[in-house]
Every structure is written in C-alpha cells, then in structure tokens.
Amino acid sequence: MSAFDDPFDPKTKLASQGCSCGRHSNQAEHQLDEDARIGRVVETTVMRALFPHDETRRNFIRAVGASTAFAAISTLFPMSAAKALAADRAPLEKPDLKIGFVPITCATPIIMAGPMGFYSREGLNVSLLKTAGWAIVRDKVMNKEYDASHMLSPMPLAISLGLGSQAQPVDVAAIENINGQAITMHIKHKDKLDPKQWKGLKFGIPFDYSIHNFLLRYFLAENGIDPDKDVELRIMAPPDMVANLRAGNIDGFLGPEPFNQRAVYEEVGYIHTLSRDIWDGHPCCAFGVSEGFAKTYPNTFAALFRAIASATEYAHKPENRSDIIKAIAPANYLNQPIPVLEQVMTGHFADGLGKVRNVPDRVDFDPFPWQSMAVWMLTQLKRWGYLKGEINYKQIAEEVFLATDARKRLKEMGLPAPASNYSKHTIMGKEFDPAKPEQYLKSFKISRA
Amino acid sequence: MAKSLTFRAYLLSVLIFGMVLLGWYLATLPQKTVATTQADAEYAALMGGGAVKKSGMPTPAEVGHTLREKLSDPFYDHGPNDKGIGIQLGYSLARVLAGFSLAALVAIPLGFLVGMSPIMHRALDPYIQLLKPISPLAWMPLALYTIKDSSASAIFVIFICSLWPMLINTAYGVAAVKRDWLNVAKTLEVSPLRKAFLVVLPAAAPTILTGMRISMGIAWLVIVAAEMLVGGTGIGYFVWNEWNNLSLTNVIFAVLMIGVVGMMLDMAFGWLSRLVAYND
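A brief look at the structure comes next. Since we're looking at a predicted model, the values are computed, not measured.

**Section: the overall build of chain A**
Phase 1 of the analysis: When its secondary structure is counted, chain A shows 19 helices and 16 strands.
Phase 2 of the analysis: Per-residue burial for chain A yields a buried fraction of 55% across its 449 residues.
Phase 3 of the analysis: Sequence separation of at least 24 residues holds for 73% of the intrachain contacts in chain A that already meet a minimum separation of 6.
Phase 4 of the analysis: Accessible surface, chain A as shown: approximately 18400 Å² in total, 52% of it carbon and sulfur.

Shown next as structure tokens:
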C-alpha cells in the first residue's frame, strides 16, 4: 500500500505484499487458487452428471481409487478442455433465469438440465417453474415473467403471427423432443382398430396450436374422416384426458407422454398409434425465447443454448435414460410414477391390449429447429382455417425458427448439425417438399383452405 | 338438559364421522381382480403387477397415512415446484389477505358514501348490480392481460370478489342506523366526521363484519380456483399438481386442509363480530 492510502478504507490493505483477497501471500498464488476453484466446480459438475446418485459415485471411487477414476473419466470427458472453457467464458449478462415448463416428458432436456447440472456448468442459475397449462405459458412468456420456456412447437409461430393472442415475436431456439406422442383409445374401442370406424367419436387434444392437433387431424383426414365434421375435438389438459377417458367423456386422445402410458397403466385405454408411426421424427415441443432475449443477452443466450443442446444430446442416448428418469420423476418436476416413465423413455412398454412392444425411438431428442418443419406447421395452420390469406411461408419460418444460429452453435460444441435448414419430410407415406407449400396444401382432399 | 343436548350432538357427530369412514372403507375395499388371462409375466409387470397405484379412489388408511406424512413436515422446501403444505397454505393466505385488505380499503369507505348519501346510492347502484354477479374467475384473463403478472392477477381476482359483499353490507348497515341516533347527533351539532366515526361506525359495525365474513368465505373459495389456473405456488397449485399426477390421495388431503383453513378463517371473523355486537 502506498503511504497516502486511507487506512480507514476497508478495501485497502496495510500489508506490503499479498493478493487482492488478502488470504494469499501474493497475487500469483491467489490466481492459482482461483483456477483450482473453477476446476473443482467443473469436476463436481461432471461427476454429478455422471453419477446422479452420490452413493454410486462413492462406491465407484472406493472400488477403483481416485486417480484411476479421474483418468477413466478424463478419457470419456475432456475435463481439462472443459476447465479451460469454464475459466475464460464470456461474462453472462443475466445469470439468473426463470424458465417455465409443463410437466410432460417432452420437457425432459429443459428439466434434467437443472438437477443434472447442465445449467450450472454454463454458469447459469435457473429456476424451473412448473406451469399449469399452455395458455398460461403463452401469457407468462408474453408478460416476460419467464425468460425462456418450454412451448409446443407451433406456439411461437402462432404467437408471432398473432393467432389466439396479440402478435409478439417469439423465437424457437431449439426443438425439445421429437416423436413421443400417441393416439390412445378407450379400452371399450379395442375392436375399432380401423380408424375409418371412428366417425362420431370424441377426442382430446392439448391445445389448438399444437403438433398434437395437426397430427390427429392429419391422421383422421388420411383415413377419410373430416376432423371438423365427423368427430369432436376437445381441448383439455393431459391429466384430464386420462380422467375423461376413464369416465367415458372422450373416446380417445392424441396427447403427450407419460399420459398415454398412464392411461394404459390405469387400465382405461390402449395405445393405438405412436406419433412416430404418423411422422417419424416429427417435432413436438420447443424451447422458446421472446425475440429480444437473444439480442439483449447474447452470452446468456449462448450459454442457455449450450446447456439445452448438451442436455438434449445426453437425453438422445438410450443408455442415459434411466438416470434421467430418476432426475425428472420427483414431485418438483414431472411428479409421475417411475414405472410409467420407464416404459415411455425406454420404449419397452405394455400397449394396453396384452402385447409388450419394443420401440426404442418412441421418444427421442434432437435440438435442430428445421425451418421446413415450421413451413409444414404453417401449411397445417392454413389447411384447417386457423390462418387465412396469402402468407410467406419461408419468411415466417426463418424469422421464428433460429436454425442458422442453432447450426453455428451446435458446430462450435462439436455436435452434429445438418447442412441445410430445409429437408423433405415424409408423413404417412406422403412426401412434403418445403419448397412447394401451396402445392402440398392443394393436394389434400379434406381441407378448409 | 342443555348439557345433555350438547353431549348428544357430539355423540351424533362422532357417529356420522364413523359411518362416513365405514362407508368409505367399504367402498374402497380391494376388488377381486378378474383372473387375468395374461399369462405373460412381463406384460403384467409393466402394467404395475399388483403394485399399489395411487390414482384409484384411496382408502381411509391411505389418506390417514398421507395426512400424517405431510403434516409431520409441513414446511419443507424442495425447490420452486415442491414445497410443504404449510408453505403452500401460507402463500394462499397471503394472497387472500392482500386482496381482501385492498378490497376492505375500497369497499368500506365507498359503502359509507353509498349508505349515507341517497344520491350516490342511486348513481352507483346500477354498477354494483351489474358487476356483482360476475364470477371472479371471469376476470382472470382480463387481469392477466392488463396487469401482466400472474401473482398480482390472483390478488386482483380476490380483490374483485371480496369487494361486493363488503360494499353492499356496509352501505346497508350505514343506511340502517337508527334515525333517533342521527337526530341526537344533529341536535348536539356533532361534526360530520365525528358523526361517522362515533355514531355510524359502531352502529353499522356488526353488519360490516358480516359483509367481511362473507367476503372472506368467497375469497378462500376463489383463491383455490385462481391458483389452479395460474399455477406457481399456493394450495390451489398443490391441488393442480397432484391432479396432474392423478394422485387422488393427495387431492383429498389438500381438500381437507382447504376446509380446515376456511373454517378457521370463518371462526376468526365470527369471534370478531362478537366483539362488536351490541344490544339495543
């Protein structure tokens, strides 16, 4: 300290040498300690992700010894690279975030990133807030109560276009899950396996602007049933679907997991068609942020994307699924029985008709927000009369689905990313070409467009 | 005689409780499962294989177990979506008290105005009659849209539903103060403010408190529904969360707790109204 420093200022130090925190003999030693601390944080996070149960970790370390364990894990996970990354990360503008989710398995990456440490690894302090329904998610995102949220993938399109709400731009940063829905029918309809017999029945869907609505309508129409005239579609929350199915108020539903499996588990329904059998790889839920977020907080947004993308990558691998189930099943998150979640996540399940089925990709996770999928959703919005008049499919898809951004970040993380933002998709055997949406729209016999 | 009447009433209460429990117990006896033709053990295991499923109508013993378990640790906090029943009830009570107090601040002065001035009564009556029958929850979408905050919206809904009974009762109580008392005040040339506080308020207090008691009852009814709608925290959210899990045991537990707290609130207002009661 200089002789002119104020000795009554608590920030000045009277010792002639030492570091900025006053606990080390010099600045170099302080720095060493600081680096070690960051290293410890990274190691702890990695170990927590690998061993969600502390007992397993302790047993493992006891069995092989600390140094062997460290070496073994370093071969699996680039520990030193992660430490370096953690040490010189761009400062986060807003480390404390509120993220909403609806308790269904579609939200798996968003949820597990909390208890499994994917957010904290990026330096984010996230509170995950369970939300009662999709309309509330929409309102809380529009009110900026949530910084980011789990949404149904057509919701950002609908909100941005002002369908069912005031128009407010919302972006899709990543897709949460692909597949993972099903058509579940009441057990009394176990003889009506042919959908052509479904005239006059009542079906539950979770929201107007949901992939569930589009898939069910598509499926019915392909089977010659007009979803507006021949059947009744009712909007209800997934647990209400199971209860209404039991009471006989609806005959079936196309809903999210785990409620299809739950209906089977409760012995009230059977799984008729998995959504992967309608469109393999269809998007379901999305990770949405309001338009300003990515621009106002670029570093935070990047960190958030990394957390979600690496959680999605982790959830994609079948061998991780049982750990994930344990992380997301408690009351704080999904609040569901583990046997039901296990059948959903492993794809080894009872179908309600006495058969055990094995469909490993029944639920899958892939973060890339294909703009061609957005174009498809827009064609369906128009097909069923939600959206009227001329629309510029490409422009809307590119404004809302941040595919280019996602590709850049996925590449930076060393994760697979497709070369293009558009792809052809095959839905019930029919090819959809995103370059010709109007032509596709005109090809349907049953349509309101 | 009176003592034995009370005793017999208690006895009857206990008897009714026993009958209800017995009926409940008999209704939820495990039914003989139809001999499953599923020889497939694997399938049976996936279907839960005899494991107790929480979703069916629970037995009294199960609810009793839940009651003991949840009440033994009412204030735990396992993150934003999993809090003990005590904390949830605390959130709900805080919202109810906030909305109710705001309503009292508006309704009681306004009720005085309406009760004391015939012209204000005629002018405001159409609005009161129009707004009074609107279900509080019908305000929820409007509140969410304009206030842009779900917690404040819940408080607003409590405010709007507590307003009318307090306003109408205050106005009625103030208007019904005996002419003689007002005439005496006039003769003594008491200032209007003193008249309001020393003559009208004590005379109208029992009616005002009746209005407050009705309002509190409605507010406690409405908060559960409001919280089920917006979620987050509170006893209504707890019910929704357990419904989402299709766990009727926990829903029944929550229903019991809502009843107990509602009863306690009503008793508190009953006690308050005895404090201000008077004999002519």
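**What to know about the overall build of chain B**
Phase 1 of the analysis: Along chain B, the regular secondary structure elements total eleven helices and zero strands.
Phase 2 of the analysis: Along chain B, helices and strands appear, N-terminal first, in the series α-α-α-α-α-α-α-α-α-α-α.
Phase 3 of the analysis: In terms of overall dimensions, chain B is more spread out than a globule: its C-alpha atoms have a radius of gyration of 25 Å, far above the 19 Å expected for 280 residues.
Phase 4 of the analysis: Summarising its shape, the C-alpha atoms of chain B cover approximately 95 × 60 × 35 Å along the three principal directions.
Phase 5 of the analysis: With 280 residues in all, chain B has 40% of them scored as buried.
Phase 6 of the analysis: Of all intrachain contacts in chain B linking residues separated by at least 6 positions in sequence, the fraction that spans at least 24 positions is 74%.
Phase 7 of the analysis: Taken as a whole, chain B presents about 16100 Å² of accessible surface, with 71% of it coming from carbon and sulfur.
Phase 8 of the analysis: A distance of 12 Å separates the average location of the 19 positive side-chain charges in chain B from that of its 15 negative side-chain charges.

**Let's talk about the packing of helix H4 (residues 85–116) of chain B against helix H10 (residues 235–244) of chain B**
Between two packed helices, both the angle of their axes relative to each other and the distance between the axes serve to describe the pair.
All names here are of chain B.
Phase 1 of the analysis: It is the contact of H4 with H10, at a shortest axis distance of 7 Å, that shows an interaxial angle of 130 degrees. With respect to H10, the element H4 is oriented oblique. Between H4 and H10, the contacting residues are Ile85, Gln88, Leu89 and Ser92 on the first element and Ile235, Gly236, Tyr237 and Phe238 on the second.
Phase 2 of the analysis: Of the residues belonging to the contact of H4 with H10, the class tally is five nonpolar, three polar and no charged.

**Details of the sheet that holds strand E7 (residues 202–205) of chain A**
All names here are of chain A.
Phase 1 of the analysis: In space, the five strands of this open sheet follow the order E8-E7-E9-E6-E10, with mixed pairing throughout. The open sheet has two edge strands, strand E8 (232–235) and strand E10 (269–274), and neither has a second partner. Pairs of neighbouring strands in the sheet enclose a mean axial angle of 25 degrees, with direction left out of account.
Phase 2 of the analysis: Bridging between strand E6 (residues 181–186) and E10 involves five bridges; their strand directions are antiparallel. Within E10, the position partnered with Ala182 by the bridge is Leu274.
Phase 3 of the analysis: Packing against the sheet, helix H9 (residues 211–222) makes contact with E6, E7, E8, strand E9 (252–256) and E10, and its axis sits at approximately 140 degrees to E9.
Phase 4 of the analysis: Set on the sheet, helix H10 (residues 238–247) makes contact with E6, E7, E9 and E10; between it and E9 the angle comes to about 155 degrees.

**So, the interface of chain A and chain B**
Phase 1 of the analysis: In this complex, chain A contributes 41 residues to the contact, which on the side of chain B involves 32 residues.
Phase 2 of the analysis: Taken together, the two surfaces of chain A and chain B that pack against each other cover about 2900 Å², and 50% of this comes from carbon and sulfur.
Phase 3 of the analysis: On the chain A side of the contact with chain B, A:Lys130, A:Tyr265 and A:Asn332 bury the most area, a combined 19% of that side's loss.
Phase 4 of the analysis: At the boundary of chain A with chain B, the tally comes to zero salt bridges.
Phase 5 of the analysis: Joining chain A to chain B, the criterion identifies 15 residue pairs in polar contact (both at pLDDT 80 or more).
Phase 6 of the analysis: Of all elements in the fold, only strand E2 (125–130), helix H7 (134–142), H10, helix H11 (259–265) and strand E12 (348–350) of chain A reach the threshold of two or more residues within the side of chain A that touches chain B.
Phase 7 of the analysis: Take the side of chain A that touches chain B: its biggest share by element is five residues, from H10(A).

**Digging into the pattern of salt bridges**
All names here are of chain A.
Phase 1 of the analysis: Using the criterion set out here, one finds 25 salt bridges over all chains in the structure.
Phase 2 of the analysis: Ionic pairing is found between Asp405 and Arg409, a salt bridge with its closest N-O pair at 3.4 Å. Taken together, the residues span about one helical turn, with Asp405 and Arg409 both in helix H18 (residues 403–412) at a distance of four residues.
Phase 3 of the analysis: Given the relative accessible area of 25%, Asp405 is considered partly exposed.
Phase 4 of the analysis: According to the relative accessible area criterion, Arg409 is buried, its value standing at 13%.
Phase 5 of the analysis: Measuring nitrogen to oxygen at the nearest pair gives 4.0 Å for the salt bridge that ties Glu438 to Lys442. A residue pair is termed a helical-turn pair when its members lie 3 or 4 positions apart in one helix, as Glu438 and Lys442 do in helix H19 (residues 437–442) at four residues.
Phase 6 of the analysis: What makes Glu438 partly exposed here is its relative accessible area of 27%.
Phase 7 of the analysis: For Lys442, a relative accessible area of 67% gives the class exposed.
Phase 8 of the analysis: Each of Arg217, Asp226, Asp228, Lys229 and Arg448 takes part in salt bridges that share partners, so that together they form one network.

**Digging into helix H9 (residues 192–230) of chain B**
One turn of the α-helix equals 3.6 residues, which is why residues spaced by three or four share an orientation.
Residues and elements named next belong to chain B.
Phase 1 of the analysis: With 39 residues, H9 should cover 57 Å at 1.5 Å per step; its first-to-last C-alpha distance of 45 Å lies more than 12% under that length.
Phase 2 of the analysis: At Ala205, H9 shows its largest kink, close to 55 degrees, and the proline Pro206 lies no more than four residues downstream.
Phase 3 of the analysis: Positive backbone phi, at 70 degrees, marks Gly231, one or two positions downstream of H9.

**So, a nonpolar patch on the surface**
Residues and elements named next belong to chain B.
Phase 1 of the analysis: Taken together, Leu12, Leu15, Ile16, Met19 and Val20 make up a surface patch of nonpolar side chains, about 530 Å² in accessible area.
Phase 2 of the analysis: Note that Met19 resides in helix H1 (residues 2–27).
Phase 3 of the analysis: Take Met19: its relative accessible area is 59%, and that puts it in the exposed class.

**So, the packing of aromatic side chains**
Phase 1 of the analysis: With the rule as written, the count across this model stands at 20 aromatic pairs over all chains.
Phase 2 of the analysis: On the basis of an interplanar angle of 80 degrees and a centroid distance of 4.9 Å, the ring pair of A:Tyr440 and A:Phe444 is categorised as edge-to-face. The residues A:Tyr440 and A:Phe444 share a single accessibility class, namely buried.
Phase 3 of the analysis: Consider the rings of B:Trp139 and B:Phe156, whose centres lie 6.3 Å apart with planes at 85 degrees: the pair is edge-to-face. Pair noted here: B:Trp139 is in the loop between helix H5 (118–131) and helix H6 (140–147) and B:Phe156 is in helix H7 (residues 150–175), with a separation of 17 residues, a long-range link.
Phase 4 of the analysis: Assessed through its relative accessible area of 18%, B:Trp139 is described here as buried.
Phase 5 of the analysis: Residue class for B:Phe156 comes out partly exposed when judged on its relative accessible area of 24%.
Phase 6 of the analysis: Put simply, the rings of A:Phe214, A:Tyr218, A:Trp279, A:Trp376, A:Phe432, A:Tyr440 and A:Phe444 pair up and form one aromatic cluster.
Phase 7 of the analysis: Across the ring face of A:Phe444, the terminal group of A:Arg383 is positioned such that the distance to the ring centre comes to 3.7 Å.

**Some details on the environment of B:Ala205**
Phase 1 of the analysis: Inspection of the secondary structure assignment puts B:Ala205 in helix H9.
Phase 2 of the analysis: Note: C-alpha distance between B:Ala205 and B:Gly173 (32 residues apart in sequence) is 7.5 Å.

**Some words on the sheet that holds strand E1 (residues 96–101) of chain A**
Residues and elements named next belong to chain A.
Phase 1 of the analysis: With mixed pairing, the five strands of this open sheet are ordered in space as E2-E1-E3-E11-E4. Every other strand in the sheet has two partners, leaving E2 and strand E4 (170–175) as the edge strands with one partner each. Averaged over all neighbouring strand pairs, the angle between strand axes comes to 30 degrees, with direction disregarded.
Phase 2 of the analysis: When strand E3 (residues 148–152) meets strand E11 (residues 285–290), the two strands line up antiparallel, connected through five bridges. Looking at E11, one finds that Ala148 is bridged to Val289.
Phase 3 of the analysis: The strands touched by H7 within the sheet are E3 and E11, with E3 carrying the most contacts at an inclination of about 145 degrees.

So, how was this worked out
- Residues numbered from 1 in each chain as written.
- Chains lettered and ligands numbered in written order.
- Predicted model: local features only at pLDDT ≥ 70, side-chain atom pairs only at ≥ 80, totals over all residues.
- Heavy atoms only, no water.
- Helix = DSSP H or I, 4+ residues; strand = E, 2+ residues; numbered from the N terminus.
- Buried < 20%, exposed > 50% of the residue type's maximum accessible area, 1.4 Å probe, protein only.
- Contact = heavy atoms within 4.5 Å.
- Areas by Shrake-Rupley, 256 points an atom, 1.4 Å probe, with all protein chains shown as cover.
- Rg over C-alpha atoms; globule rule 2.2 N^0.38 Å.
- Lys, Arg positive; Asp, Glu negative; His and termini not counted.
- Charge placed at Lys NZ, Arg CZ, Asp CG, Glu CD.
- Axes fitted to C-alpha atoms, helices over the stretch in contact; angles between N-to-C directions.
- Parallel < 35°, antiparallel > 145°, perpendicular 65-115°, else oblique.
- Nonpolar A, V, L, I, M, F, W, Y, C, P; charged D, E, K, R; others polar.
- Pairing = 2+ DSSP bridges.
- Buried area = accessible area lost by both parts, 1.4 Å probe.
- Salt bridge = Lys/Arg side-chain N within 4 Å of Asp/Glu carboxyl O.
- Polar contact = N/O pair within 3.5 Å; in protein donor to acceptor, adjacent residues only side chain to side chain.
- Expected span 1.5 Å × (residues − 1).
- Bend = angle between axes of the 7 residues up to and from the residue.
- Patch = residues over 30% accessible without salt bridge, like charges linked within 9 Å, V, L, I, M, F, W, Y side chains within 5 Å.
- Phe/Tyr/Trp six-rings, centres within 6.5 Å; stacked < 30°, edge-to-face > 60°.
- Lys NZ or Arg CZ within 6 Å of the ring centre and 35° of its normal.

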